[in-house]
Amino acid sequence: MATTTIGKRAIVIGAGMGGLTAARAVAPHFEQVVVIERDALPSEPSTRPGTPQAKHVHALLAGGQHALGELFPGFERELQNAGAVPLRVGFDIRMERPGYDPFPKRDLGWDSYALSRALVEFVVRTRLSSHINVEIRERCRAEELIADANGHTAIGLQYVDAVGARIDLAAELVVEASGRGDLTLRLLESIGLPRPHATTIGVDIAYATAIFEIPDDPPGDWKGVFHFPLPPSSRGALLLPLEGRRWILTLAGRHGDNPSGDEAGFMEFVQSLRTPTIYDAIRSAKRLGDIVRYRFPESSHRHYEGLDAFPRGLTLLGDAVCRFNPVWGQGMSVAAQEACALSRLLAKRAGERDPLDGFAHAFFPETAALIVTPWAQAVIPDFIHPETRGERPPDFERSLEIGLAMTKLAARDPAVHKLTAQVGALLKPRSVYSDPEIMRRVMEVMQEG
């Protein structure tokens, strides 16, 4: 525990990945941390109603792994002990990109882990339980943020507990890390403050996912397959191993080209992919359980960093600020990185006379900076599809050309391949592409036509 305590109580709304990591970030600085969660939380790694997307493929990028290791030392070892499957980045996943079936295989120098969303959340929740000042109140529905008389400060939360009682809980800091951040938006409206500007991209993605038993004679040259679509088709797929010697396969399509939830339609979709790799792997494999489906209409980023006024004692992170297109697997990792930023900022301010004065205005630019790279990496491929809704970047065509040239250069040069993988894994910011030597080489590739 920190020697300097900021306050008596902090409240975190939501016990998903954003909420759990936020609770860890604030725990050293408050006497008590209360996490309010509407679901009953399972005592083992399993899905729950509040995370319907959890039944589909999830990725924990290296930037997210490192952030979770910062919050919970030894985290990667615990993932392996829990059954997560290590994957050598650049080598163990067969990347099928248009023009590269497959993309060159190279050992890029670090491991990622294939695992279910339920497992990573369970490991984080188990680690958080070792902090004796953190309490998760399950089956409790957050109703309303409570502000002081002039509306300048959030002073707590009203929630309904498991037996239906309405409770007002006071706190010096409230972190909204659940859903769309509706409680904060309602509070801003009630006290006459503007909502943040929101950037939205209508991606209209639909998923279908099935889990298979890995056969006794699986392919020996890969552990997973990432199949990128060739536009105008939007049909893609990601096959990864899971804990318990299983494969999880998620199919995705956009703008009405939805994968089917029945056996015949699901397999027909797999057969329609540009290569037979995944179909050949699963056609004789035993399916475990039902095929499940999920739809994601739009990505959204609320620009809280642009607000001139914001209530004291309140902040947000995770999906409450930015909901990423899940096809790129960025959400859990960015939430963990934001929690690390929250932890660092609290530690920096803990010795000040009034640590929470202007706290949100200091924190929001940090989250915005973390969002820049993952958001930009999704914008260009999302807008390749003409039905995508929203305002295209003004330099879209040029950015698309540069991206294609960068891919071609990465296929040729292992060092560039590693750099693009580091940016994709949120280990480095996208700004590294502005290096003059990199840009010179990209321009040379573009001149090839």
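As shown above, the structure is provided for reference.
Residues numbered from 1 in each chain as written. Predicted model: local features only at pLDDT ≥ 70, side-chain atom pairs only at ≥ 80, totals over all residues. Heavy atoms only, no water.

1. Let's talk about the sheet that holds strand β7 (residues 141–147)
Thinking step 1. Read across the sheet, three strands follow the order β7-β8-β9 without closing on themselves; strand pairing throughout is antiparallel. Edge positions in the sheet fall to β7 and β9 (166–170), since each has one partner strand and no second. Each neighbouring strand pair of the sheet contributes to a mean axis angle of 25 degrees, computed without reference to strand direction.
Thinking step 2. With six bridges connecting them, β7 and strand β8 (residues 154–160) associate as antiparallel partners. Counterpart to Leu145 in the pairing with β8 is Leu157.
Thinking step 3. The strands touched by helix α5 (residues 182–190) are β7 and β8; relative to β7, the strand with the most contacts, the crossing angle is about 30 degrees. (Pairing = 2+ DSSP bridges. Helix = DSSP H or I, 4+ residues; strand = E, 2+ residues; numbered from the N terminus. Axes fitted to C-alpha atoms, helices over the stretch in contact; angles between N-to-C directions. Contact = heavy atoms within 4.5 Å.)

2. Some points on the nonpolar core
Thinking step 1. Judged by nonpolar contacts, the single largest core of 90 residues is most densely connected at Val26, Phe75, Leu79, Tyr304, Phe310 and Leu342.
Thinking step 2. Other than its neighbours up to four places away in sequence, Leu342 contacts Ala22, Ala25, Val26, Leu317, Phe359 and Phe363.
Thinking step 3. Judged by nonpolar contacts, the second largest core, of 22 residues, contains Ile214, Val225, Trp247 and Met267. (Core = buried A, V, L, I, M, F, W, Y, C linked by side-chain atoms within 4.5 Å. Buried < 20%, exposed > 50% of the residue type's maximum accessible area, 1.4 Å probe, protein only.)

3. Points about the sheet that holds strand β17 (residues 322–323)
Pairing between the strands of a sheet is mediated by backbone hydrogen bonds and can be parallel or antiparallel.
Thinking step 1. Spatial ordering of the open sheet is given by β4-β12-β13-β14-β11-β15-β17, a layout of seven strands whose pairing is mixed. Edge positions in the sheet fall to β4 (93–96) and β17, since each has one partner strand and no second.
Thinking step 2. Its contacts with the sheet put helix α6 (residues 263–271) on β11 (198–213), β13 (236–242), β14 (246–254) and β15 (287–302), and the angle it makes with β14 is roughly 80 degrees.

4. Focus: the side chain of Arg254
Thinking step 1. Examined against the element boundaries, Arg254 turns out to sit in strand β14.
Thinking step 2. Residues in contact with Arg254, not counting those within four places in the same chain, are Val203, Asp204, Ile205, Ser234, Asn325, Val327, Trp328, Asp382 and His385.

5. Comments concerning the packing of helix α1 (residues 17–26) against helix α4 (residues 117–128)
Thinking step 1. Contact geometry of α1 with α4 gives a least axis separation of 10 Å together with a crossing angle of 20 degrees. As judged from the angle between their axes, α1 and α4 are roughly parallel. Where α1 crosses over α4, the handedness of that crossing is left-handed. Contacts between α1 and α4 involve Met17, Leu20, Ala23 and Arg24 from the first element and Arg117, Val120, Glu121, Val124, Arg125 and Leu128 from the second. (Parallel < 35°, antiparallel > 145°, perpendicular 65-115°, else oblique. Left-handed = near helix turned anticlockwise from the far one by under 90°.)

6. What to know about helix α11 (residues 414–424)
Thinking step 1. For α11, the full list of buried residues reads Val416, His417, Leu419, Thr420, Ala421, Gln422 and Val423.
Thinking step 2. Buried-residue contacts for α11 involve α9 (359–383), α10 (396–412) and α12 (436–447).
Thinking step 3. Here α11 starts with a cap whose side-chain oxygen sits 2.8 Å from the backbone nitrogen of Ala415, and that cap is Asp413.
Thinking step 4. The first or second residue beyond α11 is Leu426, which carries a positive phi of 65 degrees. (Polar contact = N/O pair within 3.5 Å; in protein donor to acceptor, adjacent residues only side chain to side chain.)

7. Remarks on the environment of Val321
Thinking step 1. Secondary-structure assignment places Val321 in the loop between β16 (314–316) and β17.
Thinking step 2. Remark: the alpha-carbon pair of Val321 and Ile371, spanning 50 residues in sequence, is separated by 9.6 Å.

8. Looking at the environment of Arg235
Thinking step 1. Inspection of the secondary structure assignment puts Arg235 in the loop between β12 (224–227) and β13.
Thinking step 2. Residues Arg235 and Ser46, spaced 189 residues apart in sequence, show a C-alpha to C-alpha distance of 28 Å.
Thinking step 3. With residues near it in sequence (within four places) discarded, Arg235 still touches His227, Pro229, Ala252, Asp257, Phe269, Ser272 and Leu273.
Thinking step 4. There is a polar contact of 2.9 Å between the side chain of Arg235 and the side chain of Asp257.
Thinking step 5. In terms of polar contacts, Arg235 uses its side chain to reach the side chain of Ser272, at 2.7 Å.

9. Digging into the state of the cysteines
Thinking step 1. Counting across every chain of the model gives zero disulfides.
Thinking step 2. This cysteine, Cys322, is not joined by any disulfide, and Cys340 carries the nearest cysteine sulfur, 18 Å off.
Thinking step 3. Owing to a relative accessible area of 2%, Cys322 belongs among the buried residues under this scheme.
Thinking step 4. On the basis of relative accessibility, which here comes to 2%, the residue Cys340 falls in the buried class. (Disulfide = S-S within 2.5 Å.)

10. Details of unusual backbone geometry
Thinking step 1. Between Asp101 and Pro102 the backbone carries a cis peptide bond, its omega angle lying at 10 degrees.
Thinking step 2. Tracing the backbone shows Pro102 in the loop between β4 and β5 (111–114).
Thinking step 3. The residue after Pro231, namely Pro232, is reached through a cis peptide bond having omega 15 degrees.
Thinking step 4. By the element assignment, Pro232 lies in the loop between β12 and β13.
Thinking step 5. A positive phi angle, close to 45 degrees, is found at Asp204, a residue other than glycine.
Thinking step 6. Counting through the fold element by element, Asp204 comes out in strand β11.
Thinking step 7. Positive phi is not limited to glycine here, since Leu426 has a value of about 65 degrees.
Thinking step 8. Classification of Leu426 as buried rests on a relative accessible area of 10%.

11. With respect to the packing of aromatic side chains
Thinking step 1. Throughout the structure, instances matching the rule amount to eleven aromatic pairs.
Thinking step 2. Ring geometry for Phe363 against Phe364: centres 6.5 Å apart, planes inclined by 40 degrees, an arrangement best described as tilted. Both residues of the pair, Phe363 and Phe364, belong to the buried class.
Thinking step 3. Grouped by ring-pair contacts, the aromatic residues Tyr304, Phe310, Phe359, Phe363 and Phe364 constitute a single cluster.
Thinking step 4. For Arg97, the ring lying beneath its charged end belongs to Phe103, and the centroid distance is 5.5 Å.
Thinking step 5. Above the ring of Phe228, the side-chain terminus of Arg97 is found at 4.5 Å from the ring centroid. (Phe/Tyr/Trp six-rings, centres within 6.5 Å; stacked < 30°, edge-to-face > 60°. Lys NZ or Arg CZ within 6 Å of the ring centre and 35° of its normal.)

Taken by themselves, the reported measurements are silent on function.
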